[in-house]
Amino acid sequence: MKSSRSKSTKSIGKSKEQFGRKEKLLESEQIEETSECLFDLPWHSFGALVLFISVYVKCTSASIPSGDSGDFIMAAHHFGVAHPPGYPLFVTCGYFWMKILPFGNPAYKLNLLTSLIGALAAFIIYITTYKITNFIPSAVYASAMFAFSHLIWFHSIGAEIFALNNLFCGILLYWVVRFQRSAVSKRARVAMEASFLSGLSMCNQHTSFLFIGVIGFWMFLSLLQDKAITLKQFWWTGAAFCLGLLPYIQLPISAYFSNAPNTWGDHRSFSGIWRHFLRDEYGTLRLSADDDVSGDIWGNLKMCIQDLINEMGTTTLLLSALSLLLARYFQNQKNIVYVYAVSLVVYLLFFCNQANLDISDKSKQLSKGVLERFWMQSNVAVSILSGCGLWFVYSLISQRHKSSSHLLHCFLCAAALSAGAHQIGINYNDCDMSSNFMVRDFGKKMLDSVPNNSVLLVKGDLGIPAMYLRYSEFYREDLDLVDQELMGFPWYKSMVGPRYNKFIFPYDRELYYRKVERRRNEKEPFTYNFENVFDVHRKAGVPVYIFPASLKEGDNSWEESYEVVPGSMADEVRHKAELYSLGQYLDTAYQMEFDSSVENCDKTLYPVRSWEYMIAVQCGNNAFALPEYAHVKLAEDGAAHLKVENRSVMIKIFELYRRVCEALTIESEDGKSKTMFETAHHETYGIMSYFLYLNYMQTNERVEAGKYARVMTKQLETFLSLSSDAASAIARIDAWCGKSVKLISQEP
């Protein structure tokens, strides 16, 4: 027994020794490779590139995507400056690409460029994995799981900076392989190239500096250890990094020469450029400028791991872990794997600690959607590590079972292709944006809801589609669109103000009395508020509308004199002395057209964390805002619903509720119905029915009262059944009705 165990141990030891010698031989061969040889790409990598380009281009968004894509499109179209930190490399490339490409609207042009960049990022994952492993199944698996995961795919077919960041992170990881495989005498040059690429990467998304820091530190230590760098080479490496930052000259060039109708910040000075580079308005090294919210490192890490499993599968995570455990047996790959792993850990720990978005509440799905986009950088490293893990497992098994190695190789090829096909199958429909015009339609309906020669104050990312249509497709050129969150910055008047035709800054009072051009200096103190803005436009006879139906927090100066009156999409700001009567408003509301299309209003068609989901929710909210505003105005008199003379107005409100409810309800083939609006609207509709029930009961008209009681019962029971907090729902109904739910739901 002891003899057989001893023989087995010796056999394993001998096997490992032979395997180690083979690895060292392979390392000695590869270590002498010149850097040029590393760019001799295998034929199958071009097949992968064609696949990535074909799929991404086929799915490219045909018009403006959601989120802040419109900001990038407008900046690229007019050579303006995007939100901090400016993303000058993406904007500059987009600007020249739009000039070169002879077809398509500005949105499609930049979407197409992003798709090509995204395909190149997946291609870099493929060749990096192959260069490390020299194993086709690993390269196929790593690149396919990365490229066709929902998160990567969706954000690689619309105008966003994440695809370019993925490309740069992939290139930096590829340069780790170049550095490790180059001759010692040539490593200083490779480090210099990596430094230049790092500088370029910092001209896009700053989170890449976490990879840059780890990779640069490792390269520097390696060069010092090998005594392979001189002081002159060290300074040239630093100069290469600074040279990579050169695209930031786009900011002052734009400030002086572009005349862009939209821009962010005053970059006519170094301090303005530096402030923008540091994301001062957003919060340096933070996702939000809100100091009251701190990063939840463990909650964010948990979300990251859960999303990684959902996006790329448990197998990918397991293979990545195995690559770390088995790397010690593979001398030629060990350092590369460990550098990738440290880069990944540093990125996740630092970012999750600094990401100060509140995701604790289940209702904060959009915040989770904003946060999840930053997992893409970590997924670059995880996908390559999973490919390494696959090869490590194959190598160890084939070394023990050489006769079956060919069969195992074929099996893993088939498995990797199947995994990629599965990714495409489950995500294709959600990621095919080639015929999705939801965001464009949303922006057009917003602009169409505003009368001629008006000012529209927009806020947040939901206002960007209208801004894009107005200033890049030149739709509704009679309107001035103003970002209400930016117009308070001191630079806004001088940098953006001269482009406006209708909007008037409050301290430009000579504009009304003396027909002179606007002053462009900033000498006057910045003291105006929303009341000042509304006052000067009222005196000038310029209508002011807002979207969404809220103004910037912290400024309540306008509430005493003005009121926001809902429209079909944008809402009108009216002085309280000039408000419509309730009857006039209802007559106007009946003439308004609101969006009730399934593709724009059914939120179940879109991921819950997406802006498309939010737009669909907004669609229903906009429609119900019309009867609910009239409902609230009626309820200002606590006894109004009991007065018979108000019955005709109440019926109009009820009919408006019914019209909206029916328009936003889908009847399926099996006879079931689905509503395309939020649960809370059932409550307000039911309460209005209850008011009419009480009104008719006042005159003992029980037949009519019963008709409204049935509607009331259906709507309130639906509201209670769908409400996540029944006790809170009952309390809200009691507050409206003053009676218990049991009495409310009884028919006469």
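Each remark here, short or long, concerns the structure printed above.
Residues numbered from 1 in each chain as written. Predicted model: local features only at pLDDT ≥ 70, side-chain atom pairs only at ≥ 80, totals over all residues. Heavy atoms only, no water.

Participant: Please set out the state of the cysteines residue by residue, giving values where relevant.
Facilitator: Tallying each qualifying case throughout the model produces one disulfide. Note on cysteine connectivity: C601 is disulfide-linked to C619, with sulfurs 2.1 Å apart. Separated by 18 residues along the polypeptide, C601 in helix α25 (residues 598-601) and C619 in helix α26 (residues 611-635) bring together distant segments of the chain. Each member of the pair C601 and C619 is classed as buried. (Disulfide = S-S within 2.5 Å. Helix = DSSP H or I, 4+ residues; strand = E, 2+ residues; numbered from the N terminus. Buried < 20%, exposed > 50% of the residue type's maximum accessible area, 1.4 Å probe, protein only.)

Participant: I'd love a proper account of the sheet that holds strand β3 (residues 544-547), names of residues and values included.
Facilitator: Spatial ordering of the open sheet is given by β2-β1-β3-β5-β4, a layout of five strands whose pairing is mixed. For this open sheet the edge positions go to β2 (480-483) and β4 (562-565), each flanked by a neighbour on one side alone. Pairs of neighbouring strands in the sheet enclose a mean axial angle of 30°, with direction left out of account. Two elements, β4 and strand β5 (residues 571-575), share four bridges in a ladder whose sense is antiparallel. Looking across to β5, one finds that E563 is bridged to R574. Contacts from helix α23 (residues 530-540) reach β1 (455-458), β3, β4 and β5, with the element oriented near 80° to β4. (Pairing = 2+ DSSP bridges. Axes fitted to C-alpha atoms, helices over the stretch in contact; angles between N-to-C directions. Contact = heavy atoms within 4.5 Å.)

Participant: So, the environment of A122: which residues are in play, and what are the values?
Facilitator: Relative to the helices and strands, A122 resides in helix α5 (residues 106-133). Its relative accessible area of 0% is what places A122 among the buried residues. As a C-alpha pair, A122 and G170 span 48 residues in sequence and 8.4 Å in three-dimensional space. With residues near it in sequence (within four places) discarded, A122 still touches F52, S143, F146 and A147.

Participant: Residues and numbers for the packing of aromatic side chains, please.
Facilitator: Note on aromatic pairs: each is described by the distance of the centres and the angle between the planes. Under the definition given, this model contains 45 aromatic pairs. Considering the side-chain rings of Y256 and F257, the 6.4 Å spacing of their centres and the 50° angle between planes classify their relative orientation as tilted. With respect to burial, Y256 and F257 carry one shared label: exposed. Between Y696 and Y708 the ring centres are 5.6 Å apart and the planes differ by 15°, which places this aromatic pair in the stacked class. (Phe/Tyr/Trp six-rings, centres within 6.5 Å; stacked < 30°, edge-to-face > 60°.)

Participant: Run through helix α16 (residues 365-372), naming residues and quoting values.
Facilitator: For α16, the buried fraction is high: six of the eight residues fall into the buried class. When we look at burial in α16, the residues that qualify are Q365, L366, K368, G369, L371 and E372.

Participant: Give me the lowdown on the packing of helix α3 (residues 69-78) against helix α4 (residues 88-100), citing residues and values where you can.
Facilitator: It is the contact of α3 with α4, at a shortest axis distance of 7 Å, that shows an interaxial angle of 60°. In terms of axis orientation, α3 runs oblique to α4. Two packed elements cross with a definite hand, and for α3 against α4 that hand is right-handed. Where α3 approaches α4, its residues F72, I73, A75, A76 and H77 are matched on the opposing element by F90, V91, G94, Y95 and M98. Looking at the contact of α3 with α4 residue by residue, the class counts come to eight nonpolar, two polar and no charged. (Parallel < 35°, antiparallel > 145°, perpendicular 65-115°, else oblique. Left-handed = near helix turned anticlockwise from the far one by under 90°. Nonpolar A, V, L, I, M, F, W, Y, C, P; charged D, E, K, R; others polar.)

Participant: Please give an account of the environment of N695 that cites residues and values.
Facilitator: Within the secondary structure, N695 is located in helix α28 (residues 680-698). The sequence separation of N695 and M650 amounts to 45 residues, and the corresponding C-alpha distance is 9.3 Å. Apart from residues no more than four positions distant in its own chain, N695 is found in contact with H641, L642, K643, V644, R647 and M650.

Participant: Tell me about the nonpolar core, residues and numbers included.
Facilitator: Counting 181 residues, the largest nonpolar core has L456, L457 and F534 as its most contacted members. Judged by nonpolar contacts, the second largest core, of 40 residues, contains A589, M650, Y685 and L694. (Core = buried A, V, L, I, M, F, W, Y, C linked by side-chain atoms within 4.5 Å.)

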